[in-house]
Amino acid sequence: MSRVKLCDVLIEEQVVGAFMLNPNEFDKYELKSEYFASECKLIYEKMLKCRKNGLTVEMSNVLFECSDDEEVLYDRIVDISTKVITAFNLKKHVDILHRLYNARTLYDTMTISMSDILEYKDIGSALEKLEQGISATCMEMSTEAVNMDDSVDFAIEQMCEVLDNRIYIPTGFFGLDRLLNGGFKYPDLIVIGGRPSMGKSQFAIHFAESAARANKNVLFVSIEMTKEQIVKRMLCEREGVTMERLNHGDVSSRDVAERAAYLRTLPINILDTPDCRNISTIKRVARKYSRKGMLDFLIIDYLQLIRTDLTFGTRDLQIGYITSELKNLAKELRVPVMILAQVGRPPKGEKVFEPSLSDLRESGNIEQDADVVIFPHRPTYYNPSLTEWENKGELILAKQREGVRMKNICFEHDEQFKRIWECEDIQEQRYEQRNANEENNGYVPF
């Protein structure tokens, strides 16, 4: 197909002619000179000059903007004005111009990508440029304000989904579901931050399995672990199976097959290929599963391992770009996106406190884009003398845009920390203590 076929001169003449016939319609439509070709483009630029000078775009004013050496353009303006007798189909014709312009943009993007493949044989670079071009075109097509009438309809629709229990994804922790008003929801960007050995990956696996058991389709992007390691950890979530027994072969193949049978039916897709660390790959695969109707929850392990082919002056700017892209992806696909993030170790010899938002590496950008931030914390890891916390820990809800924050949920884990569950024995005591504190001091929403 030739790029010329993605233009329609007759439609362009109809649009500029209708503007001159009905000058008040000009400001109702957001167009650019790039939407037009040839003489129509020059005519539209004359119209823009009229508006800049405070004049309407009626034919006499547009003609006045023509110089003496633009006699041919002068005649074309008169000719187009006499052809158009009504602006009845103006909106329809403007929509056609939008579609043709987006088609040309996409055509140019694909042409550049094909040129890179033929000249440099660099498929990775070509895919990156193609992904960026497609994303930009999608943004161009979807960038439109919504009036209050439609906004109310969208809000009511979302509230109905809440009532039908369709919008929330359960976490597998009753207390956390309660604090999150039901669970994870779109289009939230959820950050699970923690220091090394706090169990971030295990929590991600737990959340994935909990979502799958609620018939939610999960895409698990594992940059750090292989799919085999993830399956082994899922097996450890079951009673009677430990990582030590699996690693030492202390389980018969029949037992493993029986215990793994329930995993086969879970709607979880695992992406662990070498190129999954690239943000463009993550977005491309997520969109693919979304188009198939197979994506309700996206989990990525973990943020600091994600890379992009773009060049940034500092790592902080790169992290900011990645988190903003993931937030935009959550809005585009209407799914919650969970990203694991590393929290820096405290300086050696200093007292260890519960992690806070400022502890996140490159925390400024992460904190800004995240809707929910949760920190797994194990007090005994740095202070073994806290015997009451042996094999126990806390999930610290440090940020939540639409609810309470700085609340903790207790969890219990096995000795090897490959299985986690809600801690019942001290859970109610913690709630009673916090409720008493709230009555005295109250809490401050984010």
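Residues numbered from 1 in each chain as written. Predicted model: local features only at pLDDT ≥ 70, side-chain atom pairs only at ≥ 80, totals over all residues. Heavy atoms only, no water.

## Some remarks on the overall build of the chain
For step 1, the next point in the chain: Within the chain one finds 17 helices and 9 strands.
For step 2, the next point in the chain: Here the chain holds 446 residues, and 46% of them are scored as buried.
For step 3, the next point in the chain: Considering only contacts within the chain whose residues lie at least 6 apart along the sequence, 67% involve residues at least 24 apart.
For step 4, the next point in the chain: Accessible surface, the chain as shown: approximately 23,800 Å² in total, 52% of it carbon and sulfur. (Helix = DSSP H or I, 4+ residues; strand = E, 2+ residues; numbered from the N terminus. Buried < 20%, exposed > 50% of the residue type's maximum accessible area, 1.4 Å probe, protein only. Contact = heavy atoms within 4.5 Å. Areas by Shrake-Rupley, 256 points an atom, 1.4 Å probe, with all protein chains shown as cover.)

## Considering the side chain of K46
For step 1, the next point in the chain: Here K46 lies in helix α2 (residues 38–52).
For step 2, the next point in the chain: In contact with K46, not counting residues within four places along its chain, are V62, E65, C66, E70 and L73.

## Some details on the environment of L397
For step 1, the next point in the chain: Within the secondary structure, L397 sits in strand β7 (residues 392–400).
For step 2, the next point in the chain: In this structure, the C-alpha to C-alpha distance between L397 and V372, residues 25 residues apart in sequence, is 7.6 Å.
For step 3, the next point in the chain: Excluding its chain neighbours within four sequence positions, the residues that come into contact with L397 are L179, L180, V372, V373, I374, V404, R405, M406 and K407.

## Re the nonpolar core
For step 1, the next point in the chain: Ranked by internal contacts, the top residues of the largest apolar core, which has 79 residues, are F297, L298, I300 and I306.
For step 2, the next point in the chain: Those residues within four positions of F297 in sequence are excluded, and the remaining contacts are I169, F184, I190, F207, A211, N217, V218, L219, V335, P336 and M338.
For step 3, the next point in the chain: Among the nonpolar cores identified, the runner-up in size contains 29 residues, and I43, C50, I77 and L90 belong to it. (Core = buried A, V, L, I, M, F, W, Y, C linked by side-chain atoms within 4.5 Å.)

## Considerations on the environment of G293
For step 1, the next point in the chain: Secondary-structure assignment places G293 in the loop between α13 (279–291) and β4 (297–301).
For step 2, the next point in the chain: Residue classification places G293 among the exposed residues on the basis of a relative accessible area of 54%.
For step 3, the next point in the chain: Along the backbone, G293 and N217 are 76 residues apart, and their C-alpha atoms lie at a distance of 8.5 Å.

## With respect to the packing of helix α1 (residues 9–21) against α2
For step 1, the next point in the chain: At their nearest, the axes of α1 and α2 sit 10 Å apart, and the two run at 20° to each other. Put simply, α1 runs roughly parallel to α2. For the pair α1 and α2, the crossing hand works out as left-handed. Packed against α1, whose contacting residues are V9, E12, E13, V16, F19 and M20, the element α2 presents C40, I43, Y44 and M47 at the interface.
For step 2, the next point in the chain: Of the residues assigned to the contact of α1 with α2, the class counts are 8 nonpolar, no polar and 2 charged. (Axes fitted to C-alpha atoms, helices over the stretch in contact; angles between N-to-C directions. Parallel < 35°, antiparallel > 145°, perpendicular 65-115°, else oblique. Left-handed = near helix turned anticlockwise from the far one by under 90°. Nonpolar A, V, L, I, M, F, W, Y, C, P; charged D, E, K, R; others polar.)

## Description of the pairing of strand β2 (residues 218–222)
Both faces of the sheet carry side chains from a regular strand, because those side chains alternate between them.
For step 1, the next point in the chain: Along β2, 5 of the 5 residues are buried, which leaves the element largely enclosed by surrounding structure.
For step 2, the next point in the chain: Along β2, one buried face is formed by V218, F220 and S222 and the opposite face, lined by L219 and V221, is buried too.
For step 3, the next point in the chain: Here 4 bridges tie β2 to strand β3 (residues 268–271), and the two strands are oriented parallel to one another. Looking at β3, one finds that V221 is bridged to L271. (Pairing = 2+ DSSP bridges.)

## Overview of the packing of α13 against helix α14 (residues 315–333)
For step 1, the next point in the chain: Closest axis-to-axis distance for the α13/α14 pair is 11 Å, and the angle between their directions is 5°. When the axes of α13 and α14 are compared, the pair comes out roughly parallel. On the side of α13, the interface is formed by I279, K283, A286, R287 and S290, while α14 contributes Y321, I322, E325, L326, L329, E332 and L333.
For step 2, the next point in the chain: Residue classes in the contact of α13 with α14 are distributed as 7 nonpolar, 1 polar and 4 charged.

## With respect to a negative patch on the surface
For step 1, the next point in the chain: A cluster of acidic side chains, namely D149, D150, D153 and E157, defines a negative patch on the protein surface.
For step 2, the next point in the chain: Its location among the elements puts D153 in helix α7 (residues 148–163). (Patch = residues over 30% accessible without salt bridge, like charges linked within 9 Å, V, L, I, M, F, W, Y side chains within 5 Å. Salt bridge = Lys/Arg side-chain N within 4 Å of Asp/Glu carboxyl O. Lys, Arg positive; Asp, Glu negative; His and termini not counted. Charge placed at Lys NZ, Arg CZ, Asp CG, Glu CD.)

## A closer look at the pattern of salt bridges
For step 1, the next point in the chain: A full pass over the atoms with the stated rule returns 13 salt bridges.
For step 2, the next point in the chain: The partner of E13 in a salt bridge is R76, with the nearest N and O atoms 2.5 Å apart. Here R76 lies in helix α4 (residues 71–83) and E13 lies in helix α1, a separation of 63 residues in the sequence. Exposure class is identical for E13 and R76. Each is buried.
For step 3, the next point in the chain: We note a salt bridge from K185 to D188, for which the minimum N-O separation is 3.2 Å.
For step 4, the next point in the chain: When salt bridges with common partners are traced through the structure, they connect E13, E39, R76 and D79 into a single cluster.

## What to know about a nonpolar patch on the surface
For step 1, the next point in the chain: A contiguous nonpolar patch, built from M59, Y74 and V78 and spanning about 220 Å² of accessible area, is present on the exposed surface.
For step 2, the next point in the chain: The exposure class assigned to V78 is partly exposed, which follows from its relative accessible area of 32%.

## Some words on the sheet that holds strand β5 (residues 337–342)
For step 1, the next point in the chain: If you walk across this open sheet you meet the 9 strands as β3-β2-β4-β5-β1-β6-β7-β8-β9, and the pairing is mixed. Only two strands of the sheet have a single partner each, and these edge strands are β3 and β9 (420–422). When strand polarity is set aside, the average angle formed by the axes of neighbouring strands in this sheet is 25°.

## Describing the environment of E228
For step 1, the next point in the chain: Of note, E228 is situated in helix α10 (residues 227–236).
For step 2, the next point in the chain: Put simply, E228 and I270 are 42 residues apart on the chain and 9.9 Å apart in space, counted from C-alpha to C-alpha.

## Brief notes about the packing of aromatic side chains
For step 1, the next point in the chain: Tallied over the entire structure, the rule returns 9 aromatic pairs.
For step 2, the next point in the chain: Seen in terms of ring centroids, F26 and Y44 are 5.6 Å apart; in terms of plane orientation they differ by 40°. Their pairing is tilted. Highlighted residues: F26 in the loop between α1 and α2 and Y44 in helix α2, separated in sequence by 18 residues.
For step 3, the next point in the chain: A relative accessible area of 6% means that F26 is categorised as buried.
For step 4, the next point in the chain: Residue class for Y44 comes out buried when judged on its relative accessible area of 2%.
For step 5, the next point in the chain: Judged by centre distance (5.7 Å) and plane angle (35°), the rings of F184 and F297 are tilted. Here the residue F184 occupies a position in the loop between α8 (174–179) and β1 (189–194), and F297 occupies one in strand β4, the gap between them amounting to 113 residues.
For step 6, the next point in the chain: Residue F184 is classed as buried on the basis of its relative accessible area of 2%. (Phe/Tyr/Trp six-rings, centres within 6.5 Å; stacked < 30°, edge-to-face > 60°.)

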